[in-house]
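Understanding the architecture of this molecule
Residue strings, one per chain:
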Amino acid sequence: MKLRLSVQYGVARAGLPADSALRRWAHAALKGLRRRRVALGLRIVGITESAALNGRFRRKSYPTNVLSFPFEAPPGTRSDILGDLVICAPVVRREAHTQRKPVNAHWAHMVVHGILHLRGYDHRKRQDAAVMEKMEIRLLKELGYANPYIQ
């Protein structure tokens, strides 16, 4: 599969994962998707932008680690666009520290988690959460990372 990944930075790039790592994690999360081409946007933001987007689209008044915005092509059209992810760098850093996880492992988890949402997976119901978590654990293991749900 050919991936067209567009990465935007709303924060300084120092200390953030390399584009090559983001691309590798995205490819892993797209494994098994039956498309020849996928276009995906990824924006890395700070606290203020994350909180504003979370407030606008989820009615939550705080920043969050990852937001997923699936793209729906107009009826009768086809598109390579899967959607957009917004990841809040300070939240990811803080969570990794609090959960005592390597920062890159948590970044990989957020990219995989967000893309699985774009693919239609969710965790609102216990059964759906179990399916999504199992997939995340498997994909992250293939990437060389530990189970993100064990602390």
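Scroll up for the structure.
All residue numbers refer to positions counted from 1 along the written sequence of the respective chain. Local features in this predicted model are restricted to residues of pLDDT 70 or higher, and side-chain atom pairs are both shown and tallied only at a pLDDT of 80 or more, whereas totals for entire chains, interfaces and linings draw on every residue. As a rule here, side-chain values cover all heavy atoms of the structure and leave hydrogens and water aside.

**Structural notes on the nonpolar core**
Let me state the cut-off plainly: Buried Ala, Val, Leu, Ile, Met, Phe, Trp, Tyr and Cys residues form a nonpolar core when they are joined through side-chain atoms within 4.5 Å. Exposure classes here rest on a 1.4 Å probe applied to the protein chains alone. A residue is buried below 20% of its type maximum, exposed above 50%, and partly exposed in between. Only DSSP runs of H or I covering at least 4 residues are called helices, and only runs of E covering at least 2 are called strands; the numbering of each starts at the N terminus. Residue contacts are defined here by distance: any two heavy atoms, one from each residue, within 4.5 Å place the two residues in contact.
One finds Trp 25, Ile 87, Trp 107 and Ile 115 to be the most contacted residues of the largest nonpolar core, which totals 35 residues. Those elements giving two or more residues to this core turn out to be β1 (2-9), α1 (19-29), β2 (37-45), β4 (81-88), α3 (89-98), α4 (103-118) and α5 (126-142). In terms of residue count, the dominant contributor to this core is α4 (nine residues). When near neighbours in sequence (up to four residues on either side) are disregarded, Trp 25 contacts Pro 17, Asn 104, Trp 107, Ala 108, Val 111, Val 112, Leu 143 and Tyr 145. Residues Val 45, Leu 67, Cys 88 and Val 91 belong to the second largest nonpolar core, which totals six residues.

**A short note on the packing of α4 against α5**
Threshold: Note on definitions: angles span 0 to 180 degrees between N-to-C directions of axes, and those axes are lines fitted to C-alpha atoms, for helices only across the stretch in contact. In these notes the angle categories are as follows: under 35 degrees is roughly parallel, over 145 is roughly antiparallel, 65 to 115 is roughly perpendicular, and the rest is oblique. Take the far helix as the reference: if the near one is turned anticlockwise from it by less than a right angle, the crossing is left-handed, and if turned clockwise, right-handed. Gly counts as polar in this scheme, as do all residues outside two lists: the nonpolar Ala, Val, Leu, Ile, Met, Phe, Trp, Tyr, Cys and Pro, and the charged Asp, Glu, Lys and Arg.
Taken N-terminus to C-terminus, the directions of α4 and α5 make an angle of 135 degrees; their axes are 10 Å apart at the nearest point. Taken together, the axis directions place α4 and α5 in an arrangement best described as oblique. For the pair α4 and α5, the sense of crossing is right-handed. Residue-level contacts link Ala 108, His 109, Val 112, His 113, Leu 116 and His 117 of α4 to Met 132, Met 135, Glu 136, Leu 139 and Leu 140 of α5. The class makeup of the residues in the contact of α4 with α5 is seven nonpolar, three polar and one charged.

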